[in-house]
Amino acid sequence: MRYVHLYFTCIKRSMISRLEYKKDTIVALFSFFFSNLCSLAAIYFILQAIPALSGYSLPEVGFFYGFSMLPISLDHLFSDEFWLVAYRRVKDGDMDMHFLRPVPVMFQVFAETFQPEGFGELILGVALITVCALNLTVNVTFGAIVVLCVGAVFGAIIITSLKVAMSALAFIFKRSGPLLQVIYNFSSYAKYPLAIYPGLIRALLIFVLPFGLFISLPVDTLLYGKYNPWLLSLAIIGCAAVFFALATWIWTICERRYESTGS
Amino acid sequence: MIEVNDLTKVFRKPIRGNGLSGMVKTLFSRKYDEVRAVDGISFSVPDGEIVGYIGANGAGKSTTIKMMCGILTPTSGTVLIDGVEPYRKRRQVAQHIGVVFGQKTQLWWDIPLIESFKVLKEIYQVSDADYRERMDFLGEVLDITRFLSQPVRTLSLGERMRADLAASMLHNPRILFLDEPTIGMDVLVKEKIRLAIRALNKTYGTSVVLTTHDMTDIENLCSRIILLEKGSILYDGPLKSLKTRFGNIKTLTLTVPADIHAETAPVLSPEVAVSEEDGRLLLRFDADKIALEQVVQYAFRDLRAMDMKIAEISIGDVVKTILEQQEAEHAEKV
Ligand SMILES: Nc1ncnc2c1ncn2[C@@H]1O[C@H](COP(=O)(O)OP(=O)(O)OP(=O)(O)O)[C@@H](O)[C@H]1O
Ligand SMILES: [Mg+2]
């Protein structure tokens, strides 16, 4: 409970920081609407640009693409600061302040930034899957809805966990940004139906870097009823729990190796 | 209470070659350079004491402080803050210590100072009543009220340092670690900061560990100093005894007639070293070996002094002398 309150206090702080540079509220409002307008326009162009793939129709591919944006944007909302940790902050010795406060360092990094831009992507993703779903004849079941929600939310937790674990390596190697980037880029593979990939990559995307598990499989469940939604939900939640526990553990181990800088 | 026991920190740096080929080699070599930044030091600081932690650049002062406040994990040895190791129970210790690094701010750069304080209030769980009391106290002793609503990035160095000090004291820490809190300050701000540290120490009994290169800070604040050199302690004890380490050295500065020079002046005793500086004569001697009275008489009678200033050796001179001796010994060994 204390941490929820603290989180909101810190987020408020992060918002004030942003507004310092955007004092003019009208400009701020305008840019918010404008960027979302652009997002909607982007949907149109994305649908134009995505090639129809081996037997998948355009709306189907669009649905995969749109759904992949949900966990990615949720992750973007809450954990953007880890990029800075991985690329810069550990190397520059800029983490000292977090080590001095009576709150877990990892929590402080989460609370350091809240990225409202994530909302734009979220809206874009939802709009995209809505448009695509209207152009498809799908039998929407309750289970499928649940597994999609689970995929989005717990998928975000899995992405965040990967981010935490990779950026924690910066405590040992000083800079782990490029590594984080490589891992993160795998999410773009999961923007397309898994079936288009050879078996090895498919296995990799389900069992190792499970972007496929929480993006492609839930969509397969909705569109084609391929998997049992309840079992799949369970698998995703379990996977997220394991990933998050592992990430926290790795972070705690690595955190002790922090060396700061000489001056 | 701080207890430091056989504390050591070794930094390992890969040995780097020069140029591109050197860098490629670095990638594949497993050779490391070891820097023993802190090398087996032990001391303890009782509650309510102000300790000056001094030494040359690179002596290992900041590294020690970082281990004492939980940023760095020691390579070996232990630190206990009220019986708890800060790098193991970081959060528990953090609640009771305050830290300022002169070169780095811990405040958020682009929000008004008061907002930073509000966040810190939540982080340290300071009650509303305590918060108000502290803000009144700090506002007064550090004079920060005037710029509370300004973003930190717009503050001058001196204002920012005072803000940082206030932030470190907000949760009423039992121990304060200050790493060069007067770096780059003008004399007035320095004085303000010293007063604040003294007021805090008096009012709340806060212990303070202070590193600085300004010996005036030390003479004004610390009853005890720890002198560090190349990661080892050279001296740990009262300020007074360090001063008399080379005897009770005094310097007389004399204004003398133009025909009196250091080389040709009559000699009183080999105990008195005579030198010349800016047309003035300097007499340096150990007042325990030769009476001050005798030297003063000699100055007026034999040197026909027209004006005189008596000074004790400054702590800066002592430290300088010790470090120079140390370096000379080092050079001999090599
Ligand atoms: N993060 C680090 N990584 C590698 N070496 C370091 C690191 N921090 C300090 N050192 C080395 O440890 C030694 C001691 O540094 P430290 O910062 O403790 O000195 P200091 O006494 O605070 O000096 P100063 O008066 O210049 O601040 C230096 O030789 C420095 O190069
Ligand atoms: Mg230092």
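That block above? That's the structure.
Right, let's walk through the structure included here. Everything numeric here is computed off the predicted structure, so don't read it as measured data. (Residues numbered from 1 in each chain as written. Chains lettered and ligands numbered in written order. Predicted model: local features only at pLDDT ≥ 70, side-chain atom pairs only at ≥ 80, totals over all residues. Heavy atoms only, no water.)

1. Some points on the pairing of strand E10 (residues 249-255) of chain B
Residues and elements named next belong to chain B. Note the cut-off: Residue exposure (1.4 Å probe, protein chains only): buried if accessible area is under 20% of the type maximum, exposed if over 50%, otherwise partly exposed. Helix and strand labels come from DSSP, where a helix needs a run of H or I of at least four residues and a strand needs a run of E of at least two; each type is numbered from the N terminus. DSSP bridges decide pairing: two strands pair if at least two such bridges lie between them.
Counted residue by residue, E10 has six buried out of seven residues, so it is predominantly covered. Pairing analysis gives six bridges linking E10 to strand E12 (residues 280-286), with the strands arranged antiparallel. Across the sheet, the residue bridging to Leu254 is Leu281, located in E12. Sheet topology note: the E10/strand E13 (residues 307-312) ladder contains six bridges and is antiparallel.

2. Topic: the interface of chain B and chain A
Short version of the rule: Whether two residues are in contact is decided by their heavy atoms, any of which lying within 4.5 Å being enough. Buried area adds together the accessible area that both of two parts lose upon being put together, with accessible area traced by a 1.4 Å probe. A side-chain nitrogen of Lys or Arg and a carboxyl oxygen of Asp or Glu constitute a salt bridge if their distance falls within 4 Å. Between N or O atoms, a polar contact is any pair within 3.5 Å; within protein, one atom must be a potential hydrogen donor and the other a potential acceptor, and residues adjacent in sequence are included only when both atoms are from side chains.
At the junction of the two partners, chain B supplies 29 residues and chain A supplies 31 residues. Both sides of the chain B and chain A interface together cover about 2,800 Å² of buried area, and 56% of this is carbon and sulfur. For the pair chain B and chain A, the interface holds one salt bridge. Two residues, Asp96(A) and Lys104(B), come together in a salt bridge whose shortest N-O distance is 3.0 Å. At the boundary of chain B with chain A, the tally comes to 16 residue pairs in polar contact (both at pLDDT 80 or more).

3. Overview of the packing of aromatic side chains
Condition: Two rings belonging to Phe, Tyr or Trp (six-membered ring only in the last case) form a pair when the distance between their centres is within 6.5 Å. Interplanar angles under 30 degrees mark stacking, angles over 60 mark edge-to-face geometry, and anything in between is tilted. Should the NZ of a Lys or the CZ of an Arg lie within 6 Å of a ring centre and within 35 degrees of the ring normal, that charge is described as sitting over the ring.
Taken as a whole and judged by the stated rule, the model has 22 aromatic pairs over all chains. Measuring from ring centre to ring centre gives 6.1 Å for Phe142(A) and Trp230(A), while their planes differ by 50°; the resulting arrangement is tilted. A residue pair is termed long-range when its members are at least 10 positions apart, and Phe142(A) in helix H8 (residues 142-168) and Trp230(A) in helix H14 (residues 229-255) qualify at 88 residues. Overall, the relative accessible area of 63% leaves Phe142(A) in the exposed class. Clustering of aromatic rings is evident, with ring pairs tying together Phe82(A), Phe99(A), Phe110(A), Phe171(A), Trp251(A) and Tyr258(A). Here the basic side chain of Lys121(B) rests over the ring of Tyr131(B), its NZ or CZ set 5.7 Å away from the ring centre. We note Arg134(B) situated over the ring of Tyr204(B); from NZ or CZ to the ring centre the distance is 4.0 Å.

4. A closer look at empty space enclosed by the protein
Note the following rule: Every definition here rests on a 1 Å grid over the protein atoms only: cavities are sets of points where a 1.4 Å probe fits but cannot get out, pockets are open sets enclosed by protein on both sides within 12 Å along at least five of seven lines, and lining residues have some atom within 4 Å of a point. Grid points are joined across faces, edges and corners, and a volume is the space filled by probe spheres set on the points. In this classification, Asp, Glu, Lys and Arg are treated as charged, Ala, Val, Leu, Ile, Met, Phe, Trp, Tyr, Cys and Pro as nonpolar, and every other residue, Gly included, as polar.
Counted under the stated rule, the structure contains four cavities of 30 Å³ or more. Of the pockets and cavities examined, the largest cavity occupies roughly 130 Å³. Lining the largest cavity we find 14 residues, and of these Val99(B), Gln106(B), Tyr124(B), Ala167(B) and Ser168(B) sit closest to its centre. Sorting the residues of the lining of the largest cavity by element identifies strand E5 (97-101) and helix H6 (157-169) of chain B as the ones contributing at least two each. Estimates place the volume of the second largest cavity at around 70 Å³. Leu6(A), Cys10(A), Arg13(A), Arg101(A), Val103(A), Phe107(A), Gln108(A), Ala111(A), Glu112(A), Trp108(B), Val119(B) and Ile123(B) are the residues that line the second largest cavity. Of all elements in the fold, only helix H1 (2-21) and helix H6 (105-112) of chain A together with helix H4 (113-123) of chain B reach the threshold of two or more residues within the lining of the second largest cavity. Here the lining of the second largest cavity is built from residues that sort into eight nonpolar, one polar and three charged.

5. What about the packing of H4(B) against helix H5 (residues 128-142) of chain B?
All names here are of chain B. Selection rule: Angles run from 0 to 180 degrees between N-to-C directions of axes, and those axes are lines fitted to C-alpha atoms, restricted for helices to the stretch in contact. Angle categories: roughly parallel below 35 degrees, roughly antiparallel above 145, roughly perpendicular from 65 to 115, and oblique for all the rest. Crossing handedness is defined as follows: a turn of the near helix away from the far one that is anticlockwise and smaller than a right angle gives a left-handed crossing, while the clockwise case is right-handed.
H5 packs onto H4 with a crossing angle of 140° between their chain directions and a minimal axis gap of 11 Å. On the basis of their axis angle, the class for H4 and H5 is oblique. Crossing handedness for the pair H4 and H5: right-handed. Across the interface between the two elements, Ile114, Phe117, Lys118 and Lys121 of H4 pack against Asp128, Tyr131 and Met135 of H5. Residues belonging to the contact of H4 with H5 are distributed by class as follows: four nonpolar, no polar and three charged.

6. Considering the layout of surface pockets
There is about 710 Å³ of room inside the second largest pocket. Together, 28 residues line the second largest pocket, and Glu81(A), Arg89(A), Asp94(A), Glu112(A) and Trp108(B) are the ones closest to its centre. Counting residues per element, the ones that place at least two in the lining of the second largest pocket are H1, helix H4 (81-89) and helix H5 (96-99) of chain A. Residue composition of the lining of the second largest pocket, grouped by class: nine nonpolar, seven polar and twelve charged.

7. Looking at the site of ligand 1
Spelled out, the test is: Residue proximity to a molecule or strand is established when one non-hydrogen atom of the residue lies within 4 Å of it.
Close to ligand 1 lie 18 residues; Asn57(B), Gly58(B), Lys61(B), Ser62(B) and Thr63(B) are nearest. The environment around ligand 1 is built from residues contributed by chains A and B. Gly262(A) is positioned such that a nitrogen or oxygen atom in its backbone is 3.2 Å from an oxygen atom of ligand 1. A distance of 2.7 Å separates an oxygen atom of ligand 1 from a polar backbone atom of Gly58(B).

8. Remarks on the sheet that holds strand E4 (residues 76-81) of chain B
All names here are of chain B. Pairing within the open sheet is antiparallel, and its three strands lie in the order E2-E1-E4. For this open sheet the edge positions go to strand E2 (32-45) and E4, each flanked by a neighbour on one side alone. Adjacent strand axes in the sheet meet at a mean angle of 25° when their direction is disregarded. Across five bridges, the pairing between strand E1 (residues 2-14) and E4 is antiparallel. Bridge pairing in E4 places Thr8 opposite Ser76. Taken strand by strand, helix H2 (residues 61-68) contacts E1, E2 and E4, and its axis lies near 115° from that of E1.

9. A few points about the environment of Leu122(A)
Residue and element names in this part refer to chain A. Topologically, Leu122 is positioned in helix H7 (residues 117-134). Taking the C-alpha atoms as reference points, Leu122 and Leu77, 45 residues apart in sequence, are found 9.3 Å from one another. In this view, Leu122 contacts Leu70, Ser73 and Leu74; residues no more than four positions away in its chain are not counted.

10. Observations concerning the pattern of salt bridges
One pass over the full model with this rule turns up 28 salt bridges over all chains. We note a salt bridge from Lys91(A) to Asp92(A), for which the minimum N-O separation is 3.4 Å. Across the salt bridge formed by Asp286(B) and Lys289(B), the nearest N and O atoms sit 3.9 Å from each other. For Lys289(B), a relative accessible area of 59% translates into the label exposed. Each of Lys190(B), Glu191(B), Arg194(B), Asp214(B) and Asp217(B) takes part in a single network of salt bridges with overlapping partners.

11. Examining a nonpolar patch on the surface
All names here are of chain A. To keep things clear, this is the line we draw: Within this analysis, patches are made of residues with over 30% relative accessible area and no salt bridge. Like charges are joined at 9 Å or less; nonpolar side chains (Val, Leu, Ile, Met, Phe, Trp, Tyr) at 5 Å or less. Accessibility throughout is a Shrake-Rupley quantity obtained with a 1.4 Å probe, and a residue counts as covered only by protein chains that appear here.
A contiguous nonpolar patch, built from Val242, Leu246, Trp249 and Ile253 and spanning about 410 Å² of accessible area, is present on the exposed surface. By secondary structure assignment, the location of Trp249 is in helix H14. When its relative accessible area of 55% is taken as the criterion, Trp249 is described as exposed.

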